[in-house]
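Below, each chain spelled out in residue letters.
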Amino acid sequence: MFPGAGVSKKRQRTTTTAAAASRHSSTIANSSYSDKTLTEVSQDRLHRSPSTTNAAGDAAAAEIFFNDSSTADVVLRLFIDAVSPLQPTSSPTSADSVSISDLHVYLHSSVLRRSKYFSALLSDRWICHVHPPPPPEHSSASTTTTSDEENELFRLNLGVPPTPGSIRSHLTVLELLYTNDFATAIDSASTALDLLPVALELLFEDCVRSCVGFLEAVPWTEEEEKRVLSLIPFLSEEESKELLARVSPVGEDSCELMLEGLISSAMNNYQNTAFVKAFVAKILRDFSSKESAKRVLEKAFKTSLLTVKESLEDYSSPVFRGDHNETEALQRLNLHKASTNGKHLLWLVERMIELKVADAAVREWSEQAAFTADLQRAFRDDAWRNIVPGLPAVVLRCTCKLANAVSAGTILASKQVRRKLVEDWLPVLVVCKDNVSPISPSNKSLYLELEETFLRIISTLPMSDAQELLQRCLSFSTRNVEDCPHLVTAFNTWFRRAAQPLKPDSTFDQ
């Protein structure tokens, strides 16, 4: 059983008094049970351990061993306590709680005093309280209530919870009283977690420190972490400090800070970013808080977009300083920066659409009149072709991803956002088609997909808006009319709607 079970405050290091001992069901009394040694099962577990401790005033005593009936002056009865404050009554029983449900262990008071709990039980004040001195006429040793022919034995009872391994854990901790070799006994986190509650119960400080020190230094499974958290309230502040540091968040926004760091590292710190980005994408998909992921992605999106915009602005409107070579180097640097961050931007757009949190990104993308103007100026220039030939495709893929999400209804954008998205980015598509040559198969399919998407969005706008924007889409046509069915369908739809007769009582605010 556990000291102070159910109480949330930290364990107090109390003096060894009768009150400290009275919290347990153990009592010093005459035992109606006959003395018996450990069963064969426990004998296999418990080898004889020479004591490394010396009792006060008994420095000349012979070497003593755990469970040595020939030299023991204390007999401890361990028994299964059916109702324990540590565990519910429905806790499963284990093999050792059945086969070793009631046993006696031979111990030595000089060793037991390493445990503050036993030290309190064995103090003169407590013993005198339980066993008042006999009257003068019965002063012989043979009449002492705890006499055992030649040796006086103090008999203690200690109930243990009916949980798997409980008896064995208690026996191990009792054996550790006889040695300082904790490293041999505590060889895993599971073992430390089995022994720690017993050490806390018996106020065995050396064992508590060893268990806590081991737990602080080794990894835990998820189940072991739950057990650690359940025991932390019973540790002192100093003992629990390192354990708490491992499981306690450093701040309310620690998860978002971690995600920001992962995204930044995936985009900037690795030469081959594909695999790293794929892993971070999985982290984002599995993250429990969609709102936190949205805030982090929106912040990263704005940062990358700003970098691309500033780089294109510097390229499109250079400040000529120094010689020509220096200016050309700066221009190349600006294009490389725009291209690199454009790829990051595309990855962020894909993540936002995947998580269905791209609403803000679509609004932001539809408000880029100055940015699209810089792109058009840059793509009309031939300098980018040999420096960043993939830049136009990267920018158009961002546009295509967002526009597809809008036309599919994945993102519900307002009428104004839909119109501006087509109005500002349609000229960029036209410039790319006119100036990027030869057109690769991948670029050709990208252009066609974006054309079809823009036409679908135009079909969602009022007739007046659609009329204006469709006239700007004539570049979608080719020498062969049969190659542009998407454009034919869009105009047919508009004319069909325009041919509808107006109802006299209907007014259309176009």
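Remember, it's a predicted structure, so these values are computed and weren't measured experimentally. (Residues numbered from 1 in each chain as written. Predicted model: local features only at pLDDT ≥ 70, side-chain atom pairs only at ≥ 80, totals over all residues. Heavy atoms only, no water.)

Student: Before we go on, may I ask you to explain the nonpolar core in this structure?
Tutor: Where a protein is soluble and globular, its nonpolar side chains tend to be buried together. The biggest cluster of nonpolar side chains holds 78 residues, and the ones touching the most others in it are Ile263, Trp365, Phe379 and Trp425. If near-sequence neighbours (up to four positions away) are discounted, Ile263 is found in contact with Val280, Leu284, Val296, Leu297, Ala300, Trp347 and Leu348. Among the nonpolar cores identified, the runner-up in size contains 51 residues, and Leu112, Leu158, Leu196 and Val228 belong to it. (Core = buried A, V, L, I, M, F, W, Y, C linked by side-chain atoms within 4.5 Å. Buried < 20%, exposed > 50% of the residue type's maximum accessible area, 1.4 Å probe, protein only. Contact = heavy atoms within 4.5 Å.)

Student: Is there a simple way to explain helix 19 (residues 391–407) in this structure?
Tutor: The first and last C-alpha atoms of helix 19 sit 24 Å apart over 17 residues, in line with the 24 Å expected at 1.5 Å per residue. Burial of helix 19 is extensive: 14 of the 17 residues sit out of reach of the surface. (Helix = DSSP H or I, 4+ residues; strand = E, 2+ residues; numbered from the N terminus. Expected span 1.5 Å × (residues − 1).)

Student: Hey, could you run me through unusual backbone geometry in this one?
Tutor: A negative phi angle characterises most non-glycine residues, just as the trans form characterises most peptide bonds. Its identity is not glycine, yet Leu203 carries a phi of approximately 55°, on the positive side. Position of Leu203 among the secondary structure elements: in the loop between helix 9 (189–201) and helix 10 (205–217). In this structure Leu203 comes out as buried when scored by relative accessible area, which is 6%. Here the phi dihedral of Lys356 falls at roughly 60°; this positive angle occurs in a residue that is not glycine. Here Lys356 lies in the loop between helix 16 (324–354) and helix 17 (359–365). Judged by its relative accessible area of 57%, Lys356 is exposed.

Student: Help me understand the pattern of salt bridges, please; the structure alone is not making it clear to me.
Tutor: Proximity of charged atoms lets side chains of opposite charge pair with each other. Evaluation of the coordinates by the stated rule reveals 21 salt bridges. Lys282 serves as the salt-bridge partner of Asp286, at 2.8 Å between the closest nitrogen and oxygen. In this pair, Asp286 and Lys282 are both assigned in helix 14 (residues 273–286), four residues apart and thus about one turn of the helix distant. On the basis of relative accessibility, which here comes to 53%, the residue Asp286 falls in the exposed class. A salt bridge links Lys433 to Glu451; the nearest nitrogen and oxygen atoms lie 2.5 Å apart. Placement of the pair is Lys433 in helix 20 (residues 415–435) and Glu451 in helix 21 (residues 441–458), with a sequence separation of 18 residues. Look at Lys433 and you get partly exposed, because its relative accessible area is 21%. On the basis of relative accessible area, Glu451 is assigned to the buried category, the value being 3%. Bridged by salt links that share partners, the residues Arg285, Glu350, Arg351, Glu354 and Lys401 form one connected network. (Salt bridge = Lys/Arg side-chain N within 4 Å of Asp/Glu carboxyl O.)

Student: Looking at this model, I keep getting lost on the confidence of the model for the chain. Mind explaining?
Tutor: Residues shown with low pLDDT carry predicted positions that ought not to be read at fine detail. Overall, the predicted model of the chain reaches an average pLDDT of 80, with 75% of residues at or above 70. The least confident element of the chain is helix 1 (residues 18–21), whose mean pLDDT is 37; the most confident is helix 17, at 97. Across residues 11–49, confidence stays below pLDDT 50; counting only partners more than four residues off in sequence or on other chains, it has 100 contacts. The model gives residues 132–150 a pLDDT under 50, and that stretch makes 15 contacts with residues more than four places away or in other chains. (pLDDT = per-residue confidence, 0-100.)

Student: Just to check I follow, could you spell out the packing of helix 10 against helix 12 (residues 237–247) for this structure?
Tutor: Packed helices, taken two at a time, are described by their axes: the angle between them and the distance between them. One can describe the packing of helix 10 onto helix 12 by two numbers: an axis separation of 10 Å at closest approach and a directional angle of 20°. Taken together, the axis directions place helix 10 and helix 12 in an arrangement best described as roughly parallel. With respect to the hand of their crossing, helix 10 and helix 12 are arranged in left-handed fashion. The segment helix 10 lies against helix 12, with Glu205, Val208, Val212, Leu215, Glu216 and Ala217 engaging Glu239, Glu242, Leu243 and Arg246. Broken down by class, the residue content of the contact of helix 10 with helix 12 amounts to five nonpolar, no polar and five charged. (Axes fitted to C-alpha atoms, helices over the stretch in contact; angles between N-to-C directions. Parallel < 35°, antiparallel > 145°, perpendicular 65-115°, else oblique. Left-handed = near helix turned anticlockwise from the far one by under 90°. Nonpolar A, V, L, I, M, F, W, Y, C, P; charged D, E, K, R; others polar.)

Student: Even after reading the chapter, I still don't get the sheet that holds strand 2 (residues 102–107), so can you show me in this structure?
Tutor: Think of a sheet as strands paired side by side through backbone hydrogen bonds, with each pair either parallel or antiparallel. Spatially, the three strands line up as an open sheet ordered 2-1-5, and their pairing is mixed. In this open sheet, the two edge strands, each paired with only one partner strand, are strand 2 and strand 5 (154–160). Averaged over all adjacent pairs, the angle separating strand axes in this sheet is 25°, with direction ignored. Pairing between strand 1 (residues 74–80) and strand 2: six bridges, direction antiparallel. Bridge assignment links Arg77 to a residue of strand 2, and that residue is His104. (Pairing = 2+ DSSP bridges.)

Student: Hey, could you run me through helix 20 in this one?
Tutor: Along an α-helix, residues three or four positions apart point the same way, because every turn accommodates 3.6 residues. For helix 20, spanning 21 residues, the distance from its first C-alpha to its last is 31 Å, which sits close to the expected 30 Å at 1.5 Å a residue. Along helix 20, the sharpest change in direction is near 30° and occurs at Trp425; proline Pro427 comes one to four residues later. The buried fraction of helix 20 amounts to 15 of the 21 residues, a majority that puts the element mostly inside the structure. (Bend = angle between axes of the 7 residues up to and from the residue.)

Student: Would you mind going over the pairing of strand 5 with me for this structure?
Tutor: The side chains of a regular strand alternate between both faces of the sheet. Extensive coverage of strand 5 is indicated by the burial of seven of its seven residues. A two-sided burial pattern is seen for strand 5, the buried positions comprising Phe154, Leu156, Leu158 and Val160 on one face and Arg155, Asn157 and Gly159 on the other. Relative to strand 5, strand 1 runs parallel, the two sharing seven bridges. Following the sheet pairing, Leu76 is matched in strand 5 by Leu156.

Student: Honestly, the packing of aromatic side chains in this entry has me stumped. Any pointers?
Tutor: In the structure shown here, the tally under the stated rule is nine aromatic pairs. Aromatic pair Phe66 and Tyr178: ring centres 5.6 Å apart, planes at 75°, arrangement edge-to-face. Of the two residues, Phe66 is situated in the loop between helix 2 (40–45) and strand 1 and Tyr178 in the loop between helix 7 (166–176) and helix 8 (182–185); the sequence distance between them amounts to 112 residues. In this structure, Phe66 and Tyr178 share a single accessibility class: buried. A centroid spacing of 5.9 Å and a plane angle of 80° characterise the contact between Phe371 and Trp425, whose relative ring orientation is edge-to-face. Taken as a pair, Phe371 in helix 18 (residues 369–380) and Trp425 in helix 20 lie far apart in primary sequence, 54 residues in all. Each of the two residues, Phe371 as well as Trp425, counts as buried. An aromatic cluster is present here, built from Phe301, Trp365, Phe371 and Trp425 joined pairwise through their rings. One cation-aromatic arrangement involves Arg246 over Trp220; the distance from NZ or CZ to the ring centre is 3.8 Å. (Phe/Tyr/Trp six-rings, centres within 6.5 Å; stacked < 30°, edge-to-face > 60°. Lys NZ or Arg CZ within 6 Å of the ring centre and 35° of its normal.)

Student: What am I meant to see in the side chain of Glu451 here?
Tutor: Here the side chain of Glu451 touches His486 through a polar contact of 2.8 Å, side chain to side chain. Every residue in contact with Glu451, bar those within four places of it in the chain, is listed here: Leu429, Lys433, Phe476 and His486. (Polar contact = N/O pair within 3.5 Å; in protein donor to acceptor, adjacent residues only side chain to side chain.)

Student: Whenever I open this one, the environment of Ser459 confuses me. Can you help?
Tutor: Note on placement: Ser459 falls in the loop between helix 21 and helix 22 (463–470). Expressed as a C-alpha distance, the spacing of Ser459 and Trp494, which sit 35 residues apart in the sequence, is 7.7 Å. There is a polar contact of 2.5 Å between the side chain of Ser459 and the backbone oxygen of Arg456.

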